[in-house]
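Report on the structure
If you want the building blocks of each chain, they are given just below.
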Amino acid sequence: MTTPAVKLTIIVERLLKPQVERLLQQAGLAGWSIFPGGGRGTHGIHRSQAAQLVREFAIIKFEVVLRDRAKAEALAQELTQDVMAEQPGLVWLENVEVLRGAKF
Amino acid sequence: MTTPAVKLTIIVERLLKPQVERLLQQAGLAGWSIFPGGGRGTHGIHRSQAAQLVREFAIIKFEVVLRDRAKAEALAQELTQDVMAEQPGLVWLENVEVLRGAKF
Amino acid sequence: MTTPAVKLTIIVERLLKPQVERLLQQAGLAGWSIFPGGGRGTHGIHRSQAAQLVREFAIIKFEVVLRDRAKAEALAQELTQDVMAEQPGLVWLENVEVLRGAKF
Amino acid sequence: MSVALDFLALFLTQLQKPTLAFLLGGMVLAALGSRLEIPDPIYQFIVLVLLLKIGMGAGMALRAADPVALLLPALGAAALGLVIVLLGRVTLCLISSVRREDGIATAGLFGAVSVSTLAAGMVIMEEDGLAYEAWAPALYPFMDIPALLAAIVLAQRARTRSGSGPRMRLLSLITDSLRGGALSALLLGMALGLVSRPDPVFDSFYEPLFRGLLSLLMLVMGMEAFARLAELRRVAHVYAVYGLLAPLVHGALGFALGWAIHLATGFSPGGVVMLAVMAASSSDVSGPPTLRVAIPSANAAVYIGTSTSIGTPVALLSIPLWMTLAEMVLQT
Amino acid sequence: MSVALDFLALFLTQLQKPTLAFLLGGMVLAALGSRLEIPDPIYQFIVLVLLLKIGMGAGMALRAADPVALLLPALGAAALGLVIVLLGRVTLCLISSVRREDGIATAGLFGAVSVSTLAAGMVIMEEDGLAYEAWAPALYPFMDIPALLAAIVLAQRARTRSGSGPRMRLLSLITDSLRGGALSALLLGMALGLVSRPDPVFDSFYEPLFRGLLSLLMLVMGMEAFARLAELRRVAHVYAVYGLLAPLVHGALGFALGWAIHLATGFSPGGVVMLAVMAASSSDVSGPPTLRVAIPSANAAVYIGTSTSIGTPVALLSIPLWMTLAEMVLQT
Amino acid sequence: MSVALDFLALFLTQLQKPTLAFLLGGMVLAALGSRLEIPDPIYQFIVLVLLLKIGMGAGMALRAADPVALLLPALGAAALGLVIVLLGRVTLCLISSVRREDGIATAGLFGAVSVSTLAAGMVIMEEDGLAYEAWAPALYPFMDIPALLAAIVLAQRARTRSGSGPRMRLLSLITDSLRGGALSALLLGMALGLVSRPDPVFDSFYEPLFRGLLSLLMLVMGMEAFARLAELRRVAHVYAVYGLLAPLVHGALGFALGWAIHLATGFSPGGVVMLAVMAASSSDVSGPPTLRVAIPSANAAVYIGTSTSIGTPVALLSIPLWMTLAEMVLQT
Ligand SMILES: Nc1ncnc2c1ncn2[C@@H]1O[C@H](COP(=O)(O)O)[C@@H](O)[C@H]1O
Ligand SMILES: Nc1ncnc2c1ncn2[C@@H]1O[C@H](COP(=O)(O)O)[C@@H](O)[C@H]1O
Ligand SMILES: Nc1ncnc2c1ncn2[C@@H]1O[C@H](COP(=O)(O)O)[C@@H](O)[C@H]1O
Ligand code: NA
Ligand code: NA
Ligand code: NA
């Protein structure tokens, strides 16, 4: 019934949204989701609901479910090495089981 | 200390919120969480923070943690086959370990 | 390429945000993310996007990725037993694989 | 000849109206790739305030209105909603590349009414001093609901030929659509205007903010119209043609019917224009979810794209047309 | 007899006030299952602007006020807060179905003050031309803080009989409650009114928006009151009775005390009404988090439900009562 | 001596202005640990309305303005932007503890212009009846863009000594920065003011809300200034000194240049002050993302912290300084 798949999670600043989306699109992905948030890290505080003076520095989280593990790893690699090289953010992978597996 | 459990994630448009909630309630679930977001898929773009003309078409994500794996699978099945049949969205399952296992 | 790690998810009311953050900071964590949301549980409904009369009772979700499994379990234990003792919310752990493992 | 020139000159002056300028500004921004965004909660606040204001204004006017004077325009509005949907169904389904359910849903949206277009019509008329019956905006639901229901019934008929079942579900569809945020705000406003005395808060808040919030809404509509064009490009070109022509045809129908009522009962020239504006408009905020639930097999990208990307901008830009027409024909 | 009829007639006219109509409208919408929602950021903006406006107005008035005239009302407000909590504790804990801590927390909320009720009182009085000392809204914290502290002390006493430790924590509770969003906005407004000259921005922005934003807040309060009823239904019925009667009893206490101050110092009839409105009101925005932290063992659904679902609507609807009373008794 | 005293007295009166009081209030709140928060969508709405208003006002004025009168101030603004960046680069890079790229980026932000400071300048001047050319706010992009570009070119030069490649990327940086939300809103406003007739909506909405929304923005800026201080504390102290002195030096440069233009062309005293205010200000909303993309190796915490925590508050508080100076020197 369920199909094994991998979930790629990407936390970046809105600044990088266009680049991340371009990369996902080029990889031929069917879809992805975006959730606004905030956080704390080595680059200081990012507010999640209160006024964040610079809109482009707000945190967003991509969640991308895909079936091809190798592609997920390649994307993760490219993101951390190129797109997010000197930028705040992080990337991780998780194993999940999807329904309607044909969609992915 | 921790109890194995399963997390059911459901991404749908707000339009289906009442139906999904009814289903979860009928299944006797103790609780669930909802996170607003956006995304891209075969049904085009759903904005996450910018004006989304039709409120009912905004994306929300349900996260439901429960201990009964079979129930989670049955819910996932019913959601994808009935509630979300011709509608945008997706459903996946993940293994997690909860604390305060008695709550679930 | 990827490093195994654990993701600690904490769902609490905003009321407890300072306490949770203090705990995470004391544990020497490098960073964490926060996502606003809502939900339903034994303490009733928490709205996610509509007006929530008391701001402090809105739901937020912490996602904390760390490499030290034992520390994650200790944090989870302390959270559920002390910080969230009589309060709404839940905590769970998940296995993930991070990139740029050196960050954590 | 000179009449045509006069008409053109009048029309061009009208296009400089700030309301329409904000719409065009939004389109240009999106076309140039600007990252400007209106936050969703602000957008919702704007729509809420506009709807409460429209409803309250109409409700307050209804208190003093003569019920008989209301009858004909209300019937006319309902008839327009029905006729536009039937017309659209027939026209669109003549074309082979159009899936029947997509055609019906599109016709339904164009029969229904757009809040933003209605509000823009009110502001532009007020700026020009073209008076209308203050209760005229209350015609909105009389045109909107019949149009959506007609589309739903047509779609159900197309699927099954059994006539008994659907009638029951129809009532639940009506109540469900009335429970939607937009229509409940409008009806709440009307009820408040009718039974309470909201004049002080209306005059100090809703009325002064109306024009400004509308300008921001126009910005959103303009940006959205451009953004949805890309999605629309993938579907049959006939929708683009329909989206361009339908508002003009429907507006003309509305104007003609309004004119008839004008001759019969002295319905004001402003009221005639308002009927034309409502008829020309296509629903973009409240109609789509109703159709998505009721006609799930129709492709939402088609009907929403046609309405938001083409129908609404054309309807907005045609507002000065009906006003110019009224000025020349009805001797205001 | 004729006095009673006069009273009823006056009272019914008052109920048509737009402020209260929006409250009832919100309830009706929720009861009918409308999906209308006010976005949370808008709600927060509304509360912020109302609090800054109330604070600034009071602060500007305090600049010119006679400190001696302030003394008695401030003491009266504090006394009211304390008495209401003690009264509630005694009354509620007489009933066997009431858990002691739930009763104390509920009494604490009803002793504290509601921003929305206070703002509604100000707008309704202004609409009716009932003047009050412009610094009167500054009485808010004088009633609010003692009431919450009294509840917390009572709850701590109930748990332990050691009297030394808690006193320390009390100070930190006060500072923590002053740091909450609502009270800091109010105090910031007062400080700005006192030490700067905010008149231009007050007159051009805060004052004109006050009434309109309040109308939207009333909508939220109405919808929320209905929504929380379901949760309240699960708990002891005695809370429903308390929620219905307490605002009237407390308001009467406030009115009586205000009347005494009126006789003693010439405190205005509007000031008397404002004291009654504050006393009748129960905190729904700023009080609950303070109590949740300080009395974690109390069931929040009980005290918040009682206050939001019953206490606040009754307090809001009783505003015209105190005004009618003032008109008949104090010969304004 | 008496001149100095007069100056001080005038300056102190100015500090009571509500705009600055809100700024200080925000700082005090944050310092006291208040949990008050302005929701992000509200903040974005405020910035959007301010920018549209500034742009529209300037655009409407440009319609009637003499192009020749514009030329010198525009050139002056651009020159100021460039000179401030060069000066900052030289000054900051003299100090050994300063990383070259951090110094350049910081100088870039201080050469660029802050929306909030500009808006505050406009409101404070209007409150004082100090008139300026209505098109003067249109100088913003003339100072802002050259400053940011200068910083980017300096940084690129510092990295590579090849001069051909960067020139291409420069154009794309300009268009990208114009596409940012803030600059597009300003330019949209200017375009609307130039080509349409937005007067009715300007007078009924944008103008009346300007002052009030600015007061809330000042609150945000104050809270943010305090919050970022903690992050700034970790970096070299020289930035604190630069943040304190640069606005005063830059403002004086702007004032001097404006004075020269005043003598040459009759540029109004208000215009001179506006040039000083823009020069004194440092970008905190629109500049940072441009620099982050273009100079990724610079430490954002340094330049943003210096600008937001110190530069902007000092620039805001120096507004009355330039006005007092203008009053004493330019005999308004
Ligand atoms: N260990 C972590 N777990 C979860 N989120 C993190 C973690 N570290 C950083 N983040 C997120 O990534 C953003 C940027 O992190 P940094 O680059 O460390 O400043 C933070 O604001 C958080 O939202
Ligand atoms: N592969 C995916 N990974 C994560 N989210 C997805 C994915 N595909 C679709 N979604 C989400 O589901 C929504 C509807 O998808 P669709 O039905 O493909 O348009 C999108 O707007 C996304 O928010
Ligand atoms: N089983 C669950 N799965 C996911 N989220 C939950 C679950 N139970 C509770 N929650 C979240 O935790 C909050 C508090 O739960 P409770 O303490 O049960 O009222 C709820 O509002 C939900 O957001
Ligand atoms: Na129509
Ligand atoms: Na009270
Ligand atoms: Na500058």
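For the structure itself, look to the data block above.
What counts as what
- Residues numbered from 1 in each chain as written.
- Chains lettered and ligands numbered in written order.
- Predicted model: local features only at pLDDT ≥ 70, side-chain atom pairs only at ≥ 80, totals over all residues.
- Heavy atoms only, no water.
- Helix = DSSP H or I, 4+ residues; strand = E, 2+ residues; numbered from the N terminus.
- Rg over C-alpha atoms; globule rule 2.2 N^0.38 Å.
- Buried < 20%, exposed > 50% of the residue type's maximum accessible area, 1.4 Å probe, protein only.
- Contact = heavy atoms within 4.5 Å.
- Areas by Shrake-Rupley, 256 points an atom, 1.4 Å probe, with all protein chains shown as cover.
- Lys, Arg positive; Asp, Glu negative; His and termini not counted.
- Charge placed at Lys NZ, Arg CZ, Asp CG, Glu CD.
- Phe/Tyr/Trp six-rings, centres within 6.5 Å; stacked < 30°, edge-to-face > 60°.
- Lys NZ or Arg CZ within 6 Å of the ring centre and 35° of its normal.
- Near = heavy atom within 4 Å.
- Polar contact = N/O pair within 3.5 Å; in protein donor to acceptor, adjacent residues only side chain to side chain.
- Donors = N, O, S within 2.8 Å, 3.2 Å for Na, K, Ca; no water.
- Buried area = accessible area lost by both parts, 1.4 Å probe.
- Salt bridge = Lys/Arg side-chain N within 4 Å of Asp/Glu carboxyl O.
- Nonpolar A, V, L, I, M, F, W, Y, C, P; charged D, E, K, R; others polar.
- Pairing = 2+ DSSP bridges.
- Tetrahedral: all angles 85-135°; square planar, octahedral: opposite > 155°, others 65-115°.
- Least-squares fit on C-alpha atoms with pLDDT ≥ 70 in both.

**Here we look at the overall build of chain D**
- Per the secondary structure count, chain D includes 15 helices and 0 strands.
- What you see for chain D is a C-alpha radius of gyration of 19 Å, in line with the 20 Å of a compact globule of 332 residues.
- Here the C-alpha coordinates of chain D stretch approximately 50 × 45 × 45 Å along the principal axes.
- Per-residue burial for chain D yields a buried fraction of 64% across its 332 residues.

**Some words on the overall build of chain A**
- Tallying secondary structure elements over chain A gives 2 helices and 5 strands in all.
- Scaling as 2.2 N^0.38, a compact globule of 104 residues should have a C-alpha radius of gyration of about 13 Å, and chain A matches this with 14 Å.
- Each principal axis of the C-alpha distribution contributes one length, and for chain A these read about 45 × 25 × 20 Å.
- Sorting the 104 residues of chain A into buried and exposed places 64% on the buried side.
- Counting only contacts in chain A whose residues sit at least 6 apart along the sequence, the fraction spanning at least 24 positions is 81%.
- When the accessible surface of chain A is summed, it comes to about 3600 Å², and 48% of that surface belongs to carbon and sulfur atoms.
- Within chain A, one finds 13 positive and 11 negative side-chain charges whose respective centroids are separated by 8 Å.

**Some words on the packing of aromatic side chains**
- Under the counting rule described, the total for this entry stands at 15 aromatic pairs over all chains.
- Plain terms: the ring middles of Phe110(F) and Tyr242(F) are 4.9 Å apart, the flat faces sit at 70 degrees to each other, and that makes the pair edge-to-face. Taken as a pair, Phe110(F) in helix H5 (residues 100-111) and Tyr242(F) in helix H11 (residues 238-265) lie far apart in primary sequence, 132 residues in all. We note that Phe110(F), like Tyr242(F), is buried.
- Here the aromatic residues Phe22(D), Phe205(F) and Tyr206(F) are joined through ring pairs into a cluster of three or more.
- The ring centre of Phe210(F) lies 4.2 Å from the NZ or CZ of Lys53(F), which sits over that ring.
- Between the NZ or CZ atom of Arg292(F) and the centre of the ring of Phe57(A), over which it lies, the distance is 4.5 Å.

**Notes on the site of ligand 2**
- Near ligand 2 lie 20 residues; those nearest to it are Ser33(A), Val65(A), Lys103(A), Thr42(B) and His43(B).
- Near ligand 2, residues from chains A and B are present, making the site a shared one.
- With respect to ligand 2, the backbone of Gly31(A) contributes an N or O atom lying 3.1 Å from a nitrogen atom.
- One of the backbone nitrogen or oxygen atoms of His43(B) is found 2.7 Å away from an oxygen atom of ligand 2.
- Isolated, ligand 2 exposes 470 Å² of accessible area, and the fraction of that covered by the protein chains is 99%.
- For the shell around ligand 2, the secondary structure elements donating two or more residues are strand E2 (32-41) and strand E4 (59-66) of chain A together with strand E2 (32-41) of chain B.

**Looking at the coordination of the sodium ion (ligand 6)**
Residues and elements named next belong to chain F.
- Surrounding the sodium ion (ligand 6) are the protein donor atoms Phe110 (O), Ala112 (O), Met278 (O), Ala279 (O) and Ser281 (O), which sit 2.3 to 2.9 Å from the metal.
- Mapped onto the polypeptide sequence, the residues donating to the sodium ion (ligand 6) form the spacing pattern F-x1-A-x165-M-A-x1-S. With respect to burial, alanine 279 and serine 281 carry one shared label: buried.

**Considerations on the interface of chain A and chain B**
- Listed as interface residues are 27 residues of chain A and, on the opposing side, 28 residues of chain B.
- Between chain A and chain B, the buried area comes to about 2200 Å², and carbon and sulfur atoms account for 49% of it.
- At the boundary of chain A and chain B, one finds 4 salt bridges.
- The salt bridge involving Lys7(A) is made with Glu94(B); its shortest N-O contact spans 3.9 Å.
- On inspection of chain A and its partner chain B, the count reaches 12 residue pairs in polar contact (both at pLDDT 80 or more).
- For the side of chain A that touches chain B, the secondary structure elements donating two or more residues are helix H1 (17-26), E2, E4 and strand E5 (90-98) of chain A.
- When its residues are assigned to classes, the side of chain A that touches chain B shows 12 nonpolar, 5 polar and 10 charged.
- The pairing of E5(A) with strand E5 (residues 90-98) of chain B spans 2 bridges and is classified as antiparallel. For Val98(A), the partnering residue across the bridge sits in E5(B) and is Trp92(B).

**Thoughts on the interface of chain A and chain C**
- Every contact between the two is made by 28 residues of chain A and, on the other side, 27 residues of chain C.
- For the pair chain A and chain C, the summed buried surface comes to about 2200 Å²; carbon and sulfur atoms form 49% of the total.
- For the interface between chain A and chain C, the tally reads 4 salt bridges.
- The tally of links from chain A across to chain C stands at 11 residue pairs in polar contact (both at pLDDT 80 or more).
- Sorting the residues of the side of chain A that touches chain C by element identifies E2, helix H2 (69-83) and E5 of chain A as the ones contributing at least two each.
- The biggest single contributor to the side of chain A that touches chain C is E2(A), with 7 residues.
- Classifying every residue of the side of chain A that touches chain C gives 11 nonpolar, 12 polar and 5 charged.

**Some remarks on the coordination of the sodium ion (ligand 4)**
Residue and element names in this part refer to chain D.
- At the metal site, the sodium ion (ligand 4) is ligated by Phe110 (O), Gly111 (O), Ala112 (O), Met278 (O), Ala279 (O) and Ser281 (O), and these contacts range over 2.4 to 3.2 Å.
- Considering all 6 donor atoms around the sodium ion (ligand 4), angles at the metal cover 63 to 164 degrees and the coordination shape is irregular.
- The sequence pattern describing where the donors of the sodium ion (ligand 4) fall on their chain is F-G-A-x165-M-A-x1-S. Of this pair, phenylalanine 110 sits in helix H5 (residues 100-111) while serine 281 sits in the loop between helix H12 (269-280) and helix H13 (287-294), and the two are 171 residues apart along the sequence.

**What to know about the side chain of Ser318(D)**
Residue and element names in this part refer to chain D.
- You can see serine 318 is positioned in the loop between helix H14 (300-317) and helix H15 (319-329).
- A polar contact is formed between the side chain of serine 318 and the side chain of tryptophan 322, at a distance of 3.0 Å.
- Not counting residues up to four positions away in its chain, the partners in contact with serine 318 are Leu248 and Ala280.

**Focus on the pattern of salt bridges**
- Counted under the stated rule, the structure contains 64 salt bridges over all chains.
- Here Arg35(D) makes a salt bridge to Asp176(F), at a shortest N to O gap of 3.4 Å. Separated into two different chains, Arg35(D) in the loop between helix H2 (18-31) and helix H3 (40-64) and Asp176(F) in helix H8 (residues 165-179) make up a pair that spans both.
- Note that Glu224(D) is salt-bridged to Arg228(D), the shortest N-O span being 3.0 Å. Of this pair, Glu224(D) and Arg228(D) both sit in helix H10 (residues 199-232), 4 residues apart, roughly one helical turn. Here Glu224(D) matches Arg228(D) in class, with each residue buried.
- Several salt bridges converge on common partners, so that one network encompasses Lys7(A), Lys61(A), Glu63(A), Glu94(A), Lys7(B), Lys61(B), Glu63(B), Glu94(B), Lys7(C), Lys61(C), Glu63(C) and Glu94(C).

**Here we look at the relation of the copies chain A and chain B**
- Superposition record for chain A on chain B: RMSD 0.0 Å, screw rotation 120 degrees, translation along axis 0.0 Å. Expressed as an axis order, the relation between the two copies is that of a three-fold axis.
- An overlap of only 19% is found between the interface residues of chain A and their copies at the interface of chain B, pointing to separate contact surfaces.

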